[in-house]
Amino acid sequence: MTATATNAGHEAVEPVGSDDPTPSREVVLDLHRRMVRIRQFETEAGRLMEGGKLPGFLHLYVGQEAVAAGAMSNLRDSDQISSTHRGHGHAVAKGAQFRQMFAELFGRVDGYCKGRGGSMHINDLSIGMLGANGIVGGGIPIAVGAAFAAKYRGEDSVAIPFFGDGASNIGAFHEAANMAGILELPVVFVCENNGYAEFTALRDHMKLENVADRAAAYGFPSEICDGMDAIAVRAAVGRAVERARAGGGPTLVEAKTYRYYDHQGVKGLRKTYRTQEEVAAWREKDAIKLLEARAVAEGIVTEAEFATVWAEVDADIAESVAFAEASPFPDVADFALNVYSD
């Protein structure tokens, strides 16, 4: 199983163990389970939304699973991440539990944010999930702040802000990248380039073909990897994480990926901005199918073992949805709890 990643023409990043061209059975199973958990959580969330059972907006991560799984497989609970409006995948891959995830989507008191945050604001500080963010690019300076705190305290933890190609146009990205570069902070910027900023194609919102090229302006290296290949993402982010832990400063990793569903929901907002042929072509590169096919062909994992993972995840989802539906709504008497004003 070859982990392919191309450098963006900047300073080379030293390879680490995650670049092993024949990853272990344990690594393959870990990546696979993370991706299946994301896929099935999002699939069920989409079904519930279409059935009118979930309030608010829902930005599904289906198609991009390899990025969250590959990146998070390099991290410890003490490492911190910030996410985006499309944040369920990051939370699940970092270790968030289905019960609290679904309860939050249902707006129930047993959710991660006590039913107050909903889909776009899930967080769990115990696993280093600093939170999803409804503001494009809003989570980037938060992760850089976490990296600054780690360096200030002399800790070896690393922070990763996840963001899309569109967010790389936002001032918060450039200010945070500049600060990270100057202070040589232990942060790995992970751009999930799915080709669209909501409904606007990359070619229509920036002149550069690669977001990774922007790192050069702030004096740190970058790397481009196949965001539909969990092994490739694991390798690229692994090199960057190792560099950050060793005091080498930040790296920008750009993962070329794709979301199967529209910007919001399953059926989207009925805006025509990409073709069904394009979506179908990317589905042929599905990260989960790719990993399963490689592992079975090379005798690392059997089809039956993969099938067991799918069944176990589906059972977890069914139990968790039942738990969430039985969870009470927040008490109106607590309406002002944790609400602050100057």
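Procedures and definitions
- Residues numbered from 1 in each chain as written.
- Predicted model: local features only at pLDDT ≥ 70, side-chain atom pairs only at ≥ 80, totals over all residues.
- Heavy atoms only, no water.
- Buried < 20%, exposed > 50% of the residue type's maximum accessible area, 1.4 Å probe, protein only.
- Helix = DSSP H or I, 4+ residues; strand = E, 2+ residues; numbered from the N terminus.
- Pairing = 2+ DSSP bridges.
- Right-handed = clockwise from strand over helix to strand, strands pointing away.
- Polar contact = N/O pair within 3.5 Å; in protein donor to acceptor, adjacent residues only side chain to side chain.
- Contact = heavy atoms within 4.5 Å.
- Axes fitted to C-alpha atoms, helices over the stretch in contact; angles between N-to-C directions.
- Nonpolar A, V, L, I, M, F, W, Y, C, P; charged D, E, K, R; others polar.
- Core = buried A, V, L, I, M, F, W, Y, C linked by side-chain atoms within 4.5 Å.
- Phe/Tyr/Trp six-rings, centres within 6.5 Å; stacked < 30°, edge-to-face > 60°.
- Lys NZ or Arg CZ within 6 Å of the ring centre and 35° of its normal.
- Salt bridge = Lys/Arg side-chain N within 4 Å of Asp/Glu carboxyl O.
- Patch = residues over 30% accessible without salt bridge, like charges linked within 9 Å, V, L, I, M, F, W, Y side chains within 5 Å.
- Areas by Shrake-Rupley, 256 points an atom, 1.4 Å probe, with all protein chains shown as cover.
- Disulfide = S-S within 2.5 Å.

Caption draft 1: Representation of the pairing of strand β7 (residues 222-226) in the model. The element β7 is largely enclosed, with a buried count of four among its five residues. Relative to strand β8 (residues 251-256), β7 is paired through five bridges, and the arrangement is parallel. Paired with I224 across the strands is E254, a residue of β8. Crossover connection from β7 via helix α8 (residues 230-245) to parallel β8: handedness right-handed.

Caption draft 2: Here's a closer look at the side chain of Q64. By the secondary structure assignment, Q64 is in the loop between α1 (25-50) and α2 (65-72). Residue classification places Q64 among the buried residues on the basis of a relative accessible area of 2%. In this structure the side chain of Q64 is engaged in a polar contact, spanning 2.9 Å, whose partner is the side chain of N194. Ignoring any residue separated from it by four or fewer positions in sequence, one finds Q64 in contact with R86, E192, N194, T257, Y258 and R259.

Caption draft 3: Region of interest: the packing of helix α10 (residues 287-297) against helix α11 (residues 303-326). Contact geometry of α10 with α11 gives a least axis separation of 10 Å together with a crossing angle of 150°. Facing α10, whose interface residues are I288, E292, A295 and V296, α11 presents E303, F306 and W310. Across the contact of α10 with α11, the residue classes break down as five nonpolar, no polar and two charged.

Caption draft 4: Seen up close, the nonpolar core. Of all hydrophobic cores here, the largest spans 64 residues; its most connected members are I160 and V188. If one sorts the elements of this core by residue count, α1 sits on top with ten residues. Sequence-distant contacts of I160, that is, excluding residues within four places in its chain, are made with L75, Q80, I81, S82, A143, V188, V190, V237 and V241. By size, the runner-up hydrophobic cluster in this structure holds 23 residues, among which are F163, A167, A180 and L185.

Caption draft 5: Representation of the packing of aromatic side chains within the structure. Evaluated as defined, the whole model comprises nine aromatic pairs. Measuring from ring centre to ring centre gives 4.4 Å for F41 and F102, while their planes differ by 40°; the resulting arrangement is tilted. Placement of the pair is F41 in helix α1 and F102 in helix α4 (residues 98-105), with a sequence separation of 61 residues. The two residues F41 and F102 agree in class, both being buried. Here the basic side chain of R108 rests over the ring of F329, its NZ or CZ set 4.0 Å away from the ring centre. The ring of W282 has K285 lying over it, and the distance from NZ or CZ to the ring centre is 4.2 Å.

Caption draft 6: View of the environment of G299. Position of G299 among the secondary structure elements: in the loop between α10 and α11. Between the C-alpha atoms of G299 and R25, which are 274 residues apart in sequence, the distance is 9.5 Å.

Caption draft 7: Fine view of the pattern of salt bridges. Counted according to the given criterion, the structure contains 15 salt bridges. In this structure, the salt-bridge partner of R37 is D316, at a minimum N-O distance of 3.2 Å. Placement of R37 in helix α1 and of D316 in helix α11 is noted, with a sequence separation of 279 residues between them. Note that E325 is salt-bridged to K53, the shortest N-O span being 3.6 Å. Remark: K53 occurs in the loop between α1 and α2 and E325 occurs in helix α11; sequence separation between them is 272 residues. We classify E325 as partly exposed; its relative accessible area is 36%. The exposure class of K53 is partly exposed, given its relative accessible area of 46%. One salt-bridge network, in which partners are shared between bridges, spans R39, E65 and D286.

Caption draft 8: Spatial organisation of the side chain of H88. Within the secondary structure, H88 is located in helix α3 (residues 88-94). Exposure remark for H88: the relative accessible area of 1% places this residue in the buried category. Filtering out sequence-adjacent residues up to four positions away, H88 remains in contact with F41, E42, L58, H59, M101, L105, S119 and I122.

Caption draft 9: Structural detail: a nonpolar patch on the surface. Together, F148, Y152, M179, I182 and L183 make up an exposed nonpolar region whose accessible area comes to about 540 Å². Of all the elements, helix α6 (residues 171-183) adds the most residues to the nonpolar patch, at three residues.

Caption draft 10: The pairing of β8, seen in detail. Most of β8 is tucked away, with five of its six residues classed as buried. In the sheet, strand β4 (residues 188-193) pairs with β8 via six bridges, with the strands oriented parallel. When the bridges of β8 are listed, F189 appears paired with L252.

Caption draft 11: Expanded view of the state of the cysteines. Within this structure, the stated rule accounts for zero disulfides. Lacking any disulfide linkage, C191 is separated from the closest cysteine sulfur, that of C225, by 10 Å. Using a relative accessible area of 0% as the deciding quantity, one classes C191 as buried.

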